[in-house]
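Single-letter residue listing:
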Amino acid sequence: MMVKVTRFFPLLVSILIAISVLVSCTAKKNYARTAYVSEKKITSLAPVVVPHDSALVKAQLECDSLGRVYIKQINTLVSKNVALSTRLDSVGMMSTTMVARHDTIFIPVTSTSSVRIDTVTVYANPVKSTKLPLWQTLKCYFIAFIILVVICGVIYVVITIRKRKTFINF
């Protein structure tokens with residue numbers, strides 16, 4: 001009789017553990033997962049370097065029979081960022097003034113960065129009372145009883161193995 005009980009003891013323990021796992025308390029989790037993309041627009045000024053500008057003054061001069069020099073034609077070629085003024089006074093002096101504007105301009109630039117955000121919202125069920133229902137109480141007692149049976153079975157197997165060793169040694 002002793003041999004039959006100890007032979008099926010591991011099977012009995014595994015069945016009891018499987019039943020306790022299947023009957024054990026489980027909590028339901030209510031949650032909602034939401035995902036959205038957050039876009040952030042940033043407007044800033046970006047510097048753009050304008051290349052250097054230049055101006056050109058062309059004058060066509062003529063001489064008369066008396067050796068005097070006359071200006072027949074004056075052409076001025078000016079690029080976009082240059083202000084050029086040419087002046088000829090009564091004494092015969094020609095003066096040219098060139099003013100170059102700043103060579104860096106700033107352009108407004110809008111950059112967009114997007115980030116994906118995942119959120120999980122957990123909804124907790126409101127607790128109506130602190131006392132467990134009858135079926136949960138019975139489950140807890142059943143699990144405690146199974147644990148007690150397993151502990152007693154382990155102690156019983158250890159004691160029987162020790163008794164067999166002491167009989168074999170004599």
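The rules behind each value
Residues numbered from 1 in each chain as written. Predicted model: local features only at pLDDT ≥ 70, side-chain atom pairs only at ≥ 80, totals over all residues. Heavy atoms only, no water. Helix = DSSP H or I, 4+ residues; strand = E, 2+ residues; numbered from the N terminus. Buried < 20%, exposed > 50% of the residue type's maximum accessible area, 1.4 Å probe, protein only. Contact = heavy atoms within 4.5 Å. Areas by Shrake-Rupley, 256 points an atom, 1.4 Å probe, with all protein chains shown as cover. Core = buried A, V, L, I, M, F, W, Y, C linked by side-chain atoms within 4.5 Å. pLDDT = per-residue confidence, 0-100. Salt bridge = Lys/Arg side-chain N within 4 Å of Asp/Glu carboxyl O.

### Overview of the overall build of the protein chain
Broken down by element type, the protein chain carries 2 helices and 6 strands. Along the protein chain, helices and strands appear, N-terminal first, in the series α-β-β-β-β-β-β-α. Sorting the 170 residues of the protein chain into buried and exposed places 7% on the buried side. Looking at the protein chain alone, contacts between residues at least 24 apart form 65% of all its contacts between residues at least 6 apart. Accessible surface computed for the protein chain: about 15,000 Å², of which carbon and sulfur atoms make up 64%.

### Structural notes on the nonpolar core
Judged by nonpolar contacts, Phe9, Val13, Leu16, Ile146 and Val150 together constitute the single largest core of 5 residues. Among the elements of the structure, α1 (2-23) and α2 (134-169) are those that each provide at least two residues to this core. Here this core takes 3 residues from α1, the largest share from any one element. Ile146 has contacts with Leu16 and Ser20, leaving out every residue within four places of it along the chain.

### Considering the confidence of the model for the protein chain
Averaged over every residue, the pLDDT of the protein chain is 76; the share at 70 or more is 82%. Within the protein chain, strand β2 (residues 55-63) carries the highest mean pLDDT (83), whereas α1 carries the lowest (69).

### Considerations on the pattern of salt bridges
Within this structure, the stated rule accounts for 2 salt bridges. We note a salt bridge from Lys72 to Glu62, for which the minimum N-O separation is 3.2 Å. Taken together, the residues Lys72 in strand β3 (residues 69-78) and Glu62 in strand β2 connect sequence positions 10 residues apart. Classification of Glu62 by relative accessible area gives partly exposed; the value is 36%.

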